[in-house]
Amino acid sequence: CANIYLSIYLSPCETKKKADHVRKHGVKQFINQYNKLKDRQKDVLYWGDEVEYMLIRFDHENRLGQLFLNSSQLLQALQQPEFQSPGNTPTLWRPEYAGYMVEGTPGSPFGGLMAHLNLVEANMKLRREEIRKLLGPDEVPMCITSFPRTGCPNFVYPSHKPQPQSEESFSRSLFFPDAAIHSSHPRFKTLTRNIRERRKEKVAINIPIFKDKNTMSPFVEDFSEYGDTGEASTAAKPDHIYMDSMGFGMGCCCLQLTFQACNIGEARLLYDHLAPICPIMMALSAASPIYRGYLSDYDCRWSVIAQAVDDRTREERGLEPLKNDRFLINKSRYDSIDSYLSEMGRCYNDLDLVYDKEIFEQLRDSDIDDLLAQHIAHLFIRDPISLFSEKIHQDDTKDTDHFENIQSTNWQSLRFKPPPPNSNIGWRVEFRPMEVQLSDFENAAYVVFIVLVTRVILTFKLNFMIPISKVDENMVTAQKKDAVREGKFYFRKDVITANSPPEAAECVGCCEVIKQRIDEEYTLMSINEIINGKDDFPGLIPLVNKYLEYSECDVDTRCTVLQYLQLISNRASGKLMTMAQWTRKFVLTHADYKQDSVVNENITYDLLVECEKIASGEKPCPELFFNLSVQPLSFFFCLFSTLQLIYSFSQLITFCCLFKP
Ligand code: ADP
Ligand code: MG
Ligand code: MG
Ligand code: MG
Ligand code: MG
C-alpha cells in the first residue's frame, strides 16, 4: 500500500528537475496573494498552540518503556469527530513525522480576551484525555521532547530492525527503522529519502557527549556491528553522539504557537521583536538532554533537528568549490531566521544573506519592498523536497501550493505566515523554538507567557532588536547544558525607550557610526536578568505584570496567569528546574547509572514511569513546578493573606522603630 501511495509523489530526480518550475510558480503565487492581501486591515488577535505527543507503551513485567508505533490507527479515531463535523470540534489532530507521534491543536483558535488565557490548559487536558481514551491501560501519551533511547535496539513497539543495506530503505539508517516513520501519509518517508538523495549521503548528526568519570575517552563507537560500511565511522566525530537519520530530529516533539496580527505591518514587527526572544525561550524550556541512550552536553533538540534535515550538498556546505550547485548556504533548512522584516529591523540585519537574485528582482518588480523580497528570495534558495504529481500544474492566481511547498520546508525559529487563499485568516507569525513540557500546566504557562509578551511588545511599543548575528550566537548558547543558569545572552539594554531606529538611508551603507551605536545598545545578560529584571533592566515578567495591571481581567484568570508567570520566573531564577535539569539529575542519581553517560533500558523505564506520574498529577514534583490550579481561588486568598501579613508586620516594625530611644 505504501508503494502505491508513494507513486503519487515524484521521484527525487524528477522532483529536482521540477525545482525551478516550483520556485517560479511559487513566487508568482506569493506575489498574487501579496497584492490581494497586503492592505488587509483590522484583523484581531487570534492565537493557538500546537502540542506534540509521543505514544509510550509500558511493559511493566519486563521493565520496558517503548515508543508505541500506533499513530496511524490512533489518528483515524482521533480525527473521526472532525470528519463528521468539520469546524465543530474542540480539538484537531494531525500526523507528525514518527509513527509514535501525534500533534494536537485547539479546534479553533483562542481570541484576544484575557479570559481566553484561562482556556488553553483545559483544552490541553482534553486533548490528552482524548488520546488516553483510545489507548490501552499500559499505553500513554507523553509530552517528551526527545525520547532517551531513540535509535537503540528495541526502542519501538512492535520491534523493528533498521535495514541500512536495503535499496528499499528510505533513510538507510543504522539505528532508526523506516517502520518508525509515520506510514499512513507518504509525505514523511518521501522527505526522508529525498533529503538523503539530495545531500548525496546520509545526514550526519553529531552532538557532544556529556563526559562523566567512566565515559570512554575519547568516546568513539564501533558501528560495524550495526552494519556500517564506513560512512558512519567517517561521519561520527570523536566525543560526540552520532546519529544518521531524519527521525532523530523530526521524531522529537515541540511546543509551537501561532498568532494573528491586525495587518501585515504588525506581523512583520512582531516577527522581528520575537526573534531575540527565541533563544531565551528555548533555554527556558530546555527538555532534551539524552540522545540514542547517552547523556549529551546539550539540553535542547534544536541542532539535532537542524542536522537531521540538512539536505545541503558538499558544495553548498562549502566543503567543495561550487560547480553544480548555485549557492554556498550557511545553514540547514531547519534553523534560526536570517533577517528581520520590518523597517526598524533593517539596520540590525548584519548577516550576509544568501538569496536568489532573480527571484528577488521578480519580487521587486512587483512592488514588494526589499526587506520582504529578500526574505522570500532567501526561502527560495531551497529546492522542493517533495512534490505531488497531481499538484504540478496550478492556477497561480488562486493556488498557493508551490509557495507553501517551499515555505513549509523552511523550518525556521519563526515563520511569517501569509493568509491562506479564500479564507478569513489574516497575517500570522508562528513561534517555533520551544521544547514541549511534561504537563499541561507547564505547556499552558509557556504559551500564555509568549502571548502576553506579544501584547506587551505592541502595547508598550517595546524594542528587542539586536544584530541578528547576535541572535544566532544566542541560539548556540541556549542549547548548551544548563544555559538557563549559566548562559549569558546578548540582549538590549533599553527595551522601553523608543529609540528612533536609524534612518533607512543611513542603514544602506551601515556606516561605522551606526554600527557603533548599535553595538552600544546591547550587553550580555543572564536569563534570570532578562526574565526577572535587574537594577537597570525591567525584565519581561515585570513588564507583563505592568500590562496586566492595565488590562481588565477576572479574578480566576488572573490567578491562573499569576501561576504561569510564577513558573516562568522561578525557572529563570533557578528556583525550579527545567525538564532537562530534572532529567539529568534523575539519571545521575539512579542506582543503575554507572557514570559512563549511558542511559540504559532500566533507567529509561524508571524515568518514564516517574514522568507519567508527574504528568498525570498522581505525584507532585516540586522541583519542576507547583501547580495550584486546582483551587485557584484558595490560592488567591492564600496569597492575599500572606501579603496582608507582611503588610501588618512591616507596620509593626515601623511602630516599634518610632519608640526606639
Ligand atoms: P502549522 O502546522 O502549519 O504550524 P497548525 O494548523 O498545525 O499549523 O497550527 C496552527 C495554530 O494556529 C493552531 O493552534 C490554530 O488553532 C491556530 N490558528 C488557526 N487559525 C488562526 C488564526 N486565524 N490566527 C492565529 N492562529 C490561528
Ligand atoms: Mg501543525
Ligand atoms: Mg506542522
Ligand atoms: Mg508539528
Ligand atoms: Mg506549526
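Residues numbered from 1 in each chain as written. Chains lettered and ligands numbered in written order. Predicted model: local features only at pLDDT ≥ 70, side-chain atom pairs only at ≥ 80, totals over all residues. Heavy atoms only, no water.

Asker: Can you walk me through the overall build of the chain in this structure?
Answerer: Within the chain one finds 25 helices and 17 strands. Here the C-alpha atoms of the chain give a radius of gyration of 25 Å, agreeing with the 26 Å that 2.2 N^0.38 yields for 661 residues. With the C-alpha coordinates aligned to their principal axes, the bounding extent of the chain is approximately 90 × 70 × 55 Å. Each of the 661 residues in the chain was classed as buried or not, and the buried ones make up 59%. Nonlocal contacts in the chain, meaning residues at least 24 apart in sequence, comprise 77% of its contacts between residues at least 6 apart. With the model as given, the accessible surface of the chain reaches about 27,600 Å², and the carbon-plus-sulfur share is 54%. When the 74 positive and 89 negative side-chain charges of the chain are each reduced to one mean point, those points stand 0 Å apart. (Helix = DSSP H or I, 4+ residues; strand = E, 2+ residues; numbered from the N terminus. Rg over C-alpha atoms; globule rule 2.2 N^0.38 Å. Buried < 20%, exposed > 50% of the residue type's maximum accessible area, 1.4 Å probe, protein only. Contact = heavy atoms within 4.5 Å. Areas by Shrake-Rupley, 256 points an atom, 1.4 Å probe, with all protein chains shown as cover. Lys, Arg positive; Asp, Glu negative; His and termini not counted. Charge placed at Lys NZ, Arg CZ, Asp CG, Glu CD.)

Asker: Would you mind going over the coordination of the magnesium ion (ligand 4) with me for this structure?
Answerer: For a metal with four tetrahedral donors the ideal donor-metal-donor angle is 109.5 degrees, while six octahedral donors give ideal angles of 90 or 180 degrees. Taken together, the protein donors to the magnesium ion (ligand 4) comprise Glu52 (OE), Glu96 (OE) and Glu103 (OE), at separations of 2.0 to 2.1 Å. Taken in sequence order, the residues that donate to the magnesium ion (ligand 4) follow the motif E-x43-E-x6-E. What makes Glu103 buried here is its relative accessible area of 9%. (Donors = N, O, S within 2.8 Å, 3.2 Å for Na, K, Ca; no water.)

Asker: Would you take a moment to explain the site of ligand 1 for this structure?
Answerer: Neighbouring ligand 1 are 16 residues, the closest being Gly48, Asp49, Glu50, Gln260 and Glu430. Glu50 is positioned with one of its side-chain polar atoms (N or O) 3.0 Å from an oxygen atom of ligand 1. Between an oxygen atom of ligand 1 and a side-chain N or O atom of Glu103, the distance comes to 3.0 Å. Against a free-state accessible area of 570 Å², the protein chains account for coverage of 74% of ligand 1. Listing elements by their share of the shell around ligand 1, those giving two or more residues are β1 (47-59), β4 (101-106), β9 (255-260) and β15 (428-431). With four residues, β1 is the single largest residue contributor to the shell around ligand 1. Counted by class, the shell around ligand 1 contains six nonpolar, four polar and six charged residues. (Near = heavy atom within 4 Å. Polar contact = N/O pair within 3.5 Å; in protein donor to acceptor, adjacent residues only side chain to side chain. Nonpolar A, V, L, I, M, F, W, Y, C, P; charged D, E, K, R; others polar.)

Asker: I'm lost on the environment of Gly136 in this one. Help?
Answerer: With respect to the helices, strands and loops of the structure, Gly136 is situated in the loop between α5 (120-134) and β5 (139-142). Residues Gly136 and Arg57, spaced 79 residues apart in sequence, show a C-alpha to C-alpha distance of 8.9 Å.

Asker: Even after reading the chapter, I still don't get the pairing of strand β2 (residues 64-68), so can you show me in this structure?
Answerer: As a general feature of sheets, a regular strand has side chains that alternate between the two faces. Among the five residues of β2, five are classified as buried, and the element is accordingly described as predominantly covered. Here β1 folds back onto β2 in antiparallel fashion, the turn holding four residues, of which Arg63 has a positive phi close to 50 degrees. With two bridges connecting them, β2 and strand β6 (residues 156-157) associate as parallel partners. Looking at the pairing, Phe68 lines up with Tyr157 of β6. (Pairing = 2+ DSSP bridges.)

Asker: Honestly, the coordination of the magnesium ion (ligand 2) in this entry has me stumped. Any pointers?
Answerer: Protein coordination of the magnesium ion (ligand 2) is provided by Glu50 (OE) and Glu103 (OE), with donor distances spanning 2.1 to 2.2 Å. Taken as a pair, the magnesium ion (ligand 2) and the magnesium ion (ligand 3) show a spacing of 3.2 Å. With a gap of 53 residues between them, Glu50 in strand β1 and Glu103 in strand β4 connect regions that are remote in the sequence. Overall, Glu50 belongs to the buried group, its relative accessible area being 14%.

Asker: Even after reading the chapter, I still don't get the packing of aromatic side chains, so can you show me in this structure?
Answerer: In this description, an aromatic ring pair is defined by two values, namely the gap between the centres and the angle between the planes. Taken as a whole and judged by the stated rule, the model has 30 aromatic pairs. Relative to Tyr294, the ring of Phe219 lies with its centre 5.0 Å away and its plane at 75 degrees, an arrangement referred to as edge-to-face. Of the two residues, Phe219 sits in the loop between β7 (205-208) and α7 (231-235) while Tyr294 sits in strand β11 (residues 294-295), which places them 75 residues apart along the sequence. Residue classification places Tyr294 among the buried residues on the basis of a relative accessible area of 14%. Measuring from centroid to centroid gives 5.8 Å for Tyr490 and Tyr522, while their planes differ by 85 degrees, and the two rings are edge-to-face. Of the two residues, Tyr490 sits in strand β16 (residues 489-492) while Tyr522 sits in strand β17 (residues 522-525), which places them 32 residues apart along the sequence. (Phe/Tyr/Trp six-rings, centres within 6.5 Å; stacked < 30°, edge-to-face > 60°.)

Asker: Looking at this model, I keep getting lost on unusual backbone geometry. Mind explaining?
Answerer: Phi is mostly negative for residues that are not glycine, and the peptide bonds are mostly trans. Residue Pro158 follows Tyr157 across a cis peptide bond; omega there is -5 degrees. Checked against the element boundaries, Pro158 lands in the loop between β6 and α6 (187-199). With an omega of -5 degrees, the peptide bond between Ser217 and Pro218 qualifies as cis. If you check the backbone angles, Asn154 has positive phi at about 70 degrees while not being a glycine. Note that Asn154 resides in the loop between β5 and β6. With a relative accessible area of 34%, Asn154 lands in the partly exposed category.

Asker: I tried to follow the side chain of Glu610 on my own but got confused; where do I start?
Answerer: Tracing the sequence through the fold places Glu610 in helix α24 (residues 601-615). By relative accessible area, which is 17% here, Glu610 ends up buried. Apart from residues no more than four positions distant in its own chain, Glu610 is found in contact with Trp582, Phe586 and Lys619.

Asker: Honestly, helix α21 (residues 540-550) in this entry has me stumped. Any pointers?
Answerer: Note: α-helices contain 3.6 residues per turn, so residues at a spacing of three or four share the same orientation. Three or more residues of α21 are buried, namely Leu540, Ile541, Leu543, Val544, Tyr547 and Leu548. Viewed along the axis of α21, the buried residues span an arc of 160 degrees, placing them on a single side of the element. Across from the buried face of α21, at angles greater than 90 degrees, the exposed residues are Glu549 and Tyr550. (Arc of directions from axis to C-beta.)

Asker: Any chance you could explain the side chain of Thr89 here in plain terms?
Answerer: With respect to the helices and strands, the residue Thr89 is situated in the loop between α4 (71-84) and β3 (91-95). Thr89 sits in the buried class, given a relative accessible area of 12%. For Thr89, the side chain forms a polar contact with the main-chain oxygen of Thr91, separated by 2.9 Å. Ignoring anything within four residues of it in the chain, the contact list for Thr89 reads Pro81, Glu82 and Gly107.

Asker: Is there a simple way to explain empty space enclosed by the protein in this structure?
Answerer: If a probe as big as a water molecule is rolled over the atoms, it shows which places are left empty. For the structure shown, the criterion picks out eight cavities of 30 Å³ or more. Roughly 110 Å³ of volume is contained in the largest cavity. As for the largest cavity, its lining consists of 15 residues, of which Ile144, Ser146, Ala287, Thr583 and Leu607 are closest to the centre. At the level of elements, α23 (579-588) and α24 are the ones that each hand at least two residues to the lining of the largest cavity. Considering only residue class, the lining of the largest cavity consists of eleven nonpolar, four polar and no charged. (1 Å grid on protein atoms, 1.4 Å probe; cavity = no way out; pocket = protein on both sides within 12 Å on 5 of 7 lines; lining within 4 Å. Points joined across faces, edges and corners; volume = space filled by probe spheres on them.)

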